[in-house]
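# Fold and geometry: a report
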Amino acid sequence: MDWSRSETLALAKHNCTQCHGSGLRLVRNGVLAPCNCVLRTIFRICYGRFIKCATQERHLSRISLEPHCGRQRPSTWGRKDEEYMADFCLVTRRALTEPEHQLFRYHFLLGADWKLCTRKLQMDRGNFFHSVYRIEQKLGRAFREVQPYALFPLSDYFHGPSRLGPPSARPEDRKQIPEHLRFPPIGRVA
Ligand SMILES: [Zn+2]
């Protein structure tokens with residue numbers, strides 16, 4: 001997928017030494033890639049939303065009506081917060097290796113600090129923070145690039161177009177009414 005400057009600019013760290021606040025950097029063959037500071041920002045935004053969904057009171061989770069152009073049902077009911085938490089965990093598990101996922105669970109899901117993690121995982125402090133950075137970057141990219149429904153931007157995830165079928169294909173489908181179901185043409189008598 002293509003990353004544009006207009007997208008990365010708002011997410012970049014203004015004092016980043018790699019991208020100098022533009023959010024893009026040159027990689028091999030002159031290709032522009034998102035800077036690690038952008039990927040980490042995306043991760044932190046998605047992670048913050050996950051924490052909010054996971055820690056809110058159960059009754060605050062709202063049921064939302066999701067409109068779509070289905071043939072039989074014009075809309076369905078869904079629990080977006082729960083869907084989001086499930087997608088978050090699924091993407092995380094797919095994107096990370098087993099050791100990375102273990103660290104992710106201890107540190108980000110169970111809230112263990114670096115002292116506890118380094119003791120439990122038999123690693124030193126430097127390696128721990130390197131791993132955390134790498135995990136944040138991997139997940140930031142995964143949350144933005146996962147297909148067909150990216151977790152980021154959150155506004156698209158929570159309020160975006162219907163998830164059930166491409167809306168562009170549906171109206172044409174509906175126009176093709178079978179012959180036997182069409183009204184006969186109105187004659188002159190009418
Ligand atoms: Zn940067």
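Residues numbered from 1 in each chain as written. Predicted model: local features only at pLDDT ≥ 70, side-chain atom pairs only at ≥ 80, totals over all residues. Heavy atoms only, no water.

### With respect to the coordination of the zinc ion
Protein coordination at the zinc ion: the donors are Cys16 (SG), Cys19 (SG), Cys35 (SG) and Cys37 (SG), at 2.3 Å from the metal. For the zinc ion, the 4 donor atoms in the first shell make angles of 107 to 114° at the metal, so the coordination geometry reads as tetrahedral. Sequence spacing of the donor residues for the zinc ion, all on one chain, is C-x2-C-x15-C-x1-C. On the criterion of sequence distance, the pair formed by Cys19 in the loop between helix H1 (5-9) and strand S1 (24-26) and Cys35 in the loop between strand S2 (32-34) and helix H2 (36-55) is long-range, its members being 16 residues apart. A residue is classified by how much of its surface remains accessible, and Cys19, at 5% relative accessible area, is buried. Cys35 sits in the buried class, given a relative accessible area of 0%. (Donors = N, O, S within 2.8 Å, 3.2 Å for Na, K, Ca; no water. Tetrahedral: all angles 85-135°; square planar, octahedral: opposite > 155°, others 65-115°. Helix = DSSP H or I, 4+ residues; strand = E, 2+ residues; numbered from the N terminus. Buried < 20%, exposed > 50% of the residue type's maximum accessible area, 1.4 Å probe, protein only.)

### As for the pattern of salt bridges
For side chains bearing opposite charge, pairing can occur when the charged atoms are close. Tallied over the entire structure, the rule returns 6 salt bridges. We note a salt bridge from Glu82 to Arg79, for which the minimum N-O separation is 3.8 Å. For the salt bridge of Arg141 with Glu145, the shortest nitrogen-to-oxygen distance reads 3.4 Å. On the criterion of helical spacing, the pair formed by Arg141 and Glu145 is a turn pair, its members being 4 residues apart in helix H6 (residues 125-145). Glu145 gets classed as partly exposed once you look at its relative accessible area, which sits at 25%. Residues joined by salt bridges that share partners form a network here, namely Glu100, Arg134 and Lys138. (Salt bridge = Lys/Arg side-chain N within 4 Å of Asp/Glu carboxyl O.)

### Focus on the confidence of the model for the chain
Taken as a whole, the chain shows an average pLDDT of 85; of its residues, 76% reach a score of 70 or greater. The weakest mean pLDDT in the chain belongs to helix H8 (residues 169-175) at 50; the strongest belongs to H6 at 97. (pLDDT = per-residue confidence, 0-100.)

### Remarks on the environment of Cys53
Turning to its location among the elements, Cys53 is positioned in helix H2. Assessed through its relative accessible area of 2%, Cys53 is described here as buried. Through-space distance from the C-alpha of Cys53 to that of Lys80 is 9.6 Å; in sequence the pair is 27 residues apart. Sequence-distant contacts of Cys53, that is, excluding residues within four places in its chain, are made with Asp81, Tyr84 and Met85. (Contact = heavy atoms within 4.5 Å.)

### Re the nonpolar core
With 39 residues, the main nonpolar core has Cys46, Tyr84, Phe88 and Phe143 as its most contacted residues. Those elements giving two or more residues to this core turn out to be H2, helix H3 (80-95), helix H4 (98-109), helix H5 (114-121), H6 and helix H7 (154-159). Broken down by element, this core gets its largest block of residues, 9 residues, from H2. With residues near it in sequence (within four places) discarded, Cys46 still touches Tyr84, Phe88, Phe143, Leu151, Phe152 and Leu154. (Core = buried A, V, L, I, M, F, W, Y, C linked by side-chain atoms within 4.5 Å.)

### Some words on the packing of aromatic side chains
For the structure on display, the rule yields 14 aromatic pairs. Between Phe43 and Phe143, the aromatic rings sit 6.3 Å apart at their centres with planes inclined by 10°, giving stacked as the arrangement. Taken together, the residues span a long stretch of sequence, with Phe43 in helix H2 and Phe143 in helix H6 at a distance of 100 residues. Seen in terms of ring centroids, Trp114 and Phe129 are 6.5 Å apart; in terms of plane orientation they differ by 50°. Their pairing is tilted. Taken as a pair, Trp114 in helix H5 and Phe129 in helix H6 lie far apart in primary sequence, 15 residues in all. Its relative accessible area of 33% is what places Phe129 among the partly exposed residues. Cluster of aromatic residues (ring-pair linked, three or more members): Phe43, Tyr47, Phe50, Tyr84, Phe88, Phe104, Phe108, Phe143, Tyr157 and Phe158. (Phe/Tyr/Trp six-rings, centres within 6.5 Å; stacked < 30°, edge-to-face > 60°.)

### Remarks on the side chain of Glu136
Among the structural elements, Glu136 can be located in helix H6. Judged by its relative accessible area of 7%, Glu136 falls in the buried class. Apart from the residues within four sequence positions on either side, Glu136 is in contact with Leu39, Arg40, Phe43, Arg44 and Phe108.

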